[in-house]
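Summary of structural features
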Amino acid sequence: MSQIIDTNNLPKHIAITMDGNGRWAESKGKIRAFGHKNGVKAVRDTVEAAAEIGIKFLTLYAFSTENWSRPQSEINALMSLLVSAINKETKTLMNNNIKLSTIGATDSLPSKAKKELNEAIEETKGNTRMTLILALSYSGRWEILNATKNLIADGINHEKINEQIFQQYLTTKSVPDPELLIRTSGEYRISNFLLWQIAYSELYFTNRLWPDFRRQDLEKAILNYQNRERRFGKTKKQIQN
Ligand code: FPP
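Source: prediction; values computed, not measured.

What counts and how
- Chains are numbered independently. Their residues run from 1 in the order of the written sequence.
- Two thresholds apply to this predicted model, a pLDDT of at least 70 for residue-level local features and 80 or more for giving and counting side-chain atom pairs, whereas whole-chain, interface and lining totals are computed over all residues.
- Where side-chain values are given, they derive from all heavy atoms of the structure, hydrogens and water being excluded.
- Strands here mean DSSP runs of E at least two residues long; helices mean DSSP runs of H or I at least four residues long; both are numbered from the N terminus.
- The globule rule used for comparison is 2.2 Å times the number of residues to the exponent 0.38, while the radius of gyration itself is calculated over C-alpha atoms.
- Residue contacts are counted whenever heavy atoms from the two residues lie within 4.5 Å of one another.
- Surface exposure here means Shrake-Rupley accessible area, sampled with a 1.4 Å probe, where a residue is shielded only by the protein chains that are shown.
- For the exposure calls, accessible area comes from a 1.4 Å probe over protein chains only, and a residue counts as buried if that area is under 20% of its type's maximum, exposed if over 50%, partly exposed in between.
- By this definition, two strands are paired if DSSP reports at least two bridges between them.
- The criterion for an aromatic pair is that two Phe, Tyr or Trp rings (for Trp, the six-membered ring) have centres within 6.5 Å, with stacked assigned to planes under 30 degrees apart, edge-to-face to planes over 60 apart and tilted to the rest.
- Definition used: whenever NZ (Lys) or CZ (Arg) falls within 6 Å of the ring centre and also within 35 degrees of the ring normal, the charge is taken to sit over that ring.
- Each polar contact in these results corresponds to two N or O atoms within 3.5 Å; when the atoms are within protein, one needs to be able to donate a hydrogen and the other to accept it, and residues that are neighboring in sequence are counted only if both atoms are side-chain atoms.
- Only a single heavy atom is needed: when it lies within 4 Å of a molecule or strand, its residue is near that molecule or strand.
- Charged means Asp, Glu, Lys or Arg here, nonpolar means Ala, Val, Leu, Ile, Met, Phe, Trp, Tyr, Cys or Pro, and polar covers whatever is left, Gly included.
- Angles run from 0 to 180 degrees between N-to-C directions of axes, and those axes are lines fitted to C-alpha atoms, restricted for helices to the stretch in contact.
- Angle categories: roughly parallel below 35 degrees, roughly antiparallel above 145, roughly perpendicular from 65 to 115, and oblique for all the rest.
- For any helix crossing, the convention is left-handed if the near helix is rotated counterclockwise from the far helix by under a right angle, and right-handed if that rotation is clockwise.

A count of helical and extended segments in the chain gives eight helices and six strands. Secondary structure elements of the chain, listed N to C terminal, follow the sequence β-α-α-β-α-β-α-β-α-α-β-β-α-α. For the chain, whose C-alpha radius of gyration is 18 Å, the value lies close to the compact-globule estimate of 18 Å for 241 residues. If one aligns the C-alpha atoms of the chain with their principal axes, the spans along those axes are about 55 × 55 × 35 Å. Partitioning the intrachain contacts of the chain with sequence separation of at least 6 by distance along the chain shows that 76% fall at a separation of at least 24. For the chain, the exposed area adds up to about 13000 Å²; of that, 49% sits on carbon and sulfur atoms.

Structure follows, in structure tokens:
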């Protein structure tokens, strides 16, 4: 790579929509589950690379609320992949000082997946290098509705509600908003991911299908991010001053 990543200008939080597993498998004449299986390799490589680069939070969109309407056989394949990947990789998370957490309606996951996740979350809770957040049974609208219901249930006076308070009711309350959102597979959509949190995120789209995504692709996205000017609604001059 000709350019070098500037470690003083890293996004603290990167979110990724891992898309294209099905197409990757179909292009090889295989069933969709084969794509998901190879997607786990990309997860492993990306998690390791992100931690080594110095990213503090990495959120992966692993299963959306809408994914529950996929064929039951595909849902089962995804859930058992999740269980086996967590089981196998908890050691890697420990060796790399990575903490695991989740966002989403994880109560609706099969009990085996919940058990595996809870064990890994408990085991890795003291790790400090990076937090890996898996979005599971997650959608941005679900999260915003949930936050609203809980604000009302807590009897918060509507006059008092502001962005800071609202944020405390989101599943990402202790996580900074992602500066960079990556989506693979050449689709240009948000698909209900982190709707509140991406208000000022830089969006990066790549044609790479998720199972082929590797460290160099992550580095390319970070370099692209570092060449952008983030203005947050201000003028160029204001930013320069
Ligand atoms: C999108 O591809 C991918 C998913 C819905 C699931 C992602 C899951 C994994 C990579 C495996 C398990 C995850 C972890 C964290 C261990 P798609 O099926 O929508 O592909 P398509 O758009 O080509 O059909």
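Read on, since the account is not over.
In strand β6 (residues 202-205), alternate side chains face the same way, and those of E202 and Y204 are buried while those of L203 and F205 on the opposite face are not. Where strand β5 (residues 180-183) meets β6, four bridges bridge the pair, whose relative direction is parallel. Residue pairing in the sheet places L181 in a bridge with L203 of β6.

Evaluated as defined, the whole model comprises 10 aromatic pairs. Summarising the aromatic geometry, the rings of W210 and F213 are spaced 5.0 Å apart at their centres and angled 20° between planes, so their arrangement reads as stacked. Residue W210 shares its accessibility class with F213, and that shared class is buried. Looking at K28, its charged tip hangs above the ring of W24, at a distance of 4.5 Å from the centre. The ring centre of F34 lies 5.1 Å from the NZ or CZ of K30, which sits over that ring.

All right, on to the side chain of E143 then. Along the chain, E143 falls in helix α5 (residues 140-153). One polar contact links E143 to Y138, side chain to side chain, over a distance of 2.6 Å. Within the structure, E143 has its side chain in polar contact with the side chain of Q197 (distance 3.0 Å). Dropping the residues within four chain positions of it, E143 is found in contact with Y138, L170, T171, T172 and Q197.

Within the chain, S185 stands out as a residue other than glycine whose phi angle is a positive 80°. Within the secondary structure, S185 is located in the loop between β5 and β6. Although it is not a glycine, N192 sits at a positive phi angle of roughly 65°. Tracing the chain through its elements places N192 in the loop between β5 and β6. Residue N192 is classed as buried on the basis of its relative accessible area, which comes to 16%.

Once that is clear, we can look at the site of the ligand. Around the ligand lies a shell of 17 residues, among which D19, G22, R23, R32 and R70 are the nearest. In the model, an oxygen atom of the ligand is placed 3.1 Å from a nitrogen or oxygen of the N21 main chain. Here the ligand loses 91% of its free accessible area of 630 Å² to cover by the protein chains. If one sorts the elements of the shell around the ligand by residue count, helix α2 (residues 32-53) sits on top with four residues. Residues of the shell around the ligand, tallied by class, amount to seven nonpolar, six polar and four charged.

Here we have six strands laid out as an open sheet, ordered β3-β4-β2-β1-β5-β6, and parallel in their pairing. The strands lining the two open edges of the sheet, one partner per strand, are β3 (98-103) and β6. The mean angle between the axes of side-by-side strands here comes to 20°, regardless of whether they run parallel or antiparallel. Strand direction decides the pairing type here: β3 and strand β4 (residues 130-138), joined by six bridges, are parallel. Across the sheet, the residue bridging to S101 is I133, located in β4.

It is at 10 Å that the axes of α2 and helix α3 (residues 72-95) come closest, and there the two elements cross at 25°. Judged on the interaxial angle alone, α3 and α2 are roughly parallel. At the point where α2 passes α3, the crossing takes the right-handed sense. Of the residues in α3, those in contact with R32, A33, H36, K37, V40, R44, V47 and E48 of α2 are E74, A77, L78, L81, A85, E89, T92 and L93. Here the residues of the contact of α2 with α3 sort into eight nonpolar, two polar and six charged.

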